[in-house]
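So the chains spell out like this:
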Amino acid sequence: MATSETRTGKVGSPRVKVLVFGIVAIVILAALGTGGAYWWHQHNAPSQASAADCALAQRIIDEAQKQDKSTVAKWAEHMHDLRMAQMKDGYLGLQIARYEGSIAAHLTGKGEVPTKADLADMSSQANSHCTAVKRTLVFPPLAA
């Protein structure tokens, strides 16, 4: 008689206990996996700059367009000092510094002039830091 009760799956039987334990284990593992994936995404996501940082970045980009060979060195020094003093997001600042260097290299002919792909990469990476404030930085192409 005991054998038929075990096969029917009554509550308290070993089969039901194993099934419940398995379901609970799967739910816990799924929750841990979801939490881990969320942490991994947040850990590897680009930092998010403030609206002020993104506005300063666009100002630097815009002012770069007004430079020529005779003014670019002084401009680059001034922008470096301004960026270091006011921009809080260093990762956005790095992309803007790359752009400043690109402008200087383009105008002076010294150093490696970036390709269109390099500029697209700078733009993409810089913009990834301004998504939270819904700001798109506009990087004009370098004049020929």
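Residues numbered from 1 in each chain as written. Predicted model: local features only at pLDDT ≥ 70, side-chain atom pairs only at ≥ 80, totals over all residues. Heavy atoms only, no water.

Engineer: Can you lay out helix α4 (residues 72-86) for me, pointing to particular residues and giving the numbers?
Structural biologist: Between its terminal C-alpha atoms α4 stretches 20 Å, which fits the 21 Å expected from 15 residues at 1.5 Å a residue. Within α4, the full set of buried residues consists of Val72, Trp75, Ala76, Met79, Leu82 and Arg83. Seen from one end, α4 has its buried residues packed into an arc of 130°, which puts them on one side. Away from its buried face, by an angle of more than 90 degrees, α4 presents the exposed residues Ala73, Lys74, Glu77, Met84 and Ala85. Looking at the packing, one finds that the buried side of α4 touches α3 (51-64) and α5 (90-108). (Helix = DSSP H or I, 4+ residues; strand = E, 2+ residues; numbered from the N terminus. Expected span 1.5 Å × (residues − 1). Buried < 20%, exposed > 50% of the residue type's maximum accessible area, 1.4 Å probe, protein only. Arc of directions from axis to C-beta. Contact = heavy atoms within 4.5 Å.)

Engineer: Can you tell me about α5, naming the residues and giving the values?
Structural biologist: The α-helix winds at 3.6 residues per turn, so residues separated by three or four positions along the chain end up facing the same way. Between its first and last C-alpha, α5 extends 26 Å over 19 residues, near the 27 Å set by a 1.5 Å rise per residue. For α5, the full list of buried residues reads Leu92, Gly93, Gln95, Ile96, Tyr99, Glu100, Ser102, Ile103 and Ala105. Along its buried surface, α5 packs onto α3, α4 and α6 (116-128). Capping the start of α5, Asp89 holds a side-chain oxygen 3.0 Å from the backbone nitrogen of Tyr91, two or three residues further along. (Polar contact = N/O pair within 3.5 Å; in protein donor to acceptor, adjacent residues only side chain to side chain.)

Engineer: Break down the confidence of the model for the protein for me, citing the residues and quoting the values.
Structural biologist: The predicted model of the protein has a mean per-residue pLDDT of 85, with 86% of residues at 70 or higher. Confidence, expressed as mean pLDDT per element, reaches its minimum in the protein at helix α1 (residues 2-8) with 50 and its maximum at α3 with 94. (pLDDT = per-residue confidence, 0-100.)

Engineer: Which residues make up the packing of α3 against α4, and what values do they have?
Structural biologist: Packing of α3 against α4 leaves a shortest axis separation of 11 Å and a crossing angle of 180°. Classified by the angle their axes make, α3 and α4 are roughly antiparallel. Residue-level contacts link Asp53, Leu56, Arg59, Ile60, Glu63 and Ala64 of α3 to Trp75, Met79, Leu82, Arg83 and Gln86 of α4. For the contact of α3 with α4, the class distribution of residues is six nonpolar, one polar and four charged. (Axes fitted to C-alpha atoms, helices over the stretch in contact; angles between N-to-C directions. Parallel < 35°, antiparallel > 145°, perpendicular 65-115°, else oblique. Nonpolar A, V, L, I, M, F, W, Y, C, P; charged D, E, K, R; others polar.)

Engineer: Run through the state of the cysteines, naming residues and quoting values.
Structural biologist: The tally for this structure, following the rule as stated, stands at one disulfide. Two residues, Cys54 and Cys130, share a disulfide whose sulfurs are 2.1 Å apart. Measuring the twist about the S-S bond at about -105°, one finds the Cys54-Cys130 disulfide to be left-handed. Taken as a pair, Cys54 in helix α3 and Cys130 in the segment after α6 lie far apart in primary sequence, 76 residues in all. Comparing Cys54 with Cys130, the two get one shared label, buried. (Disulfide = S-S within 2.5 Å.)

Engineer: Which residues make up the pattern of salt bridges, and what values do they have?
Structural biologist: Close approach of charged atoms allows side chains with opposite charge to pair. Going through the model one piece at a time under the given rule, you end up with three salt bridges. A salt bridge links Arg59 to Glu63; the shortest N-O distance between them is 3.1 Å. With Arg59 and Glu63 both in helix α3, this residue pair falls four residues apart, about one helical turn. Looking at Arg59, the relative accessible area reads 37%, which means it is partly exposed. (Salt bridge = Lys/Arg side-chain N within 4 Å of Asp/Glu carboxyl O.)

Engineer: Could you give an account of the environment of Glu77, with specific residues and numbers?
Structural biologist: Mapping Glu77 onto the fold places it in helix α4. Using a relative accessible area of 53% as the deciding quantity, one classes Glu77 as exposed. With 23 residues separating them along the chain, Glu77 and Glu100 place their C-alpha atoms 9.6 Å apart.

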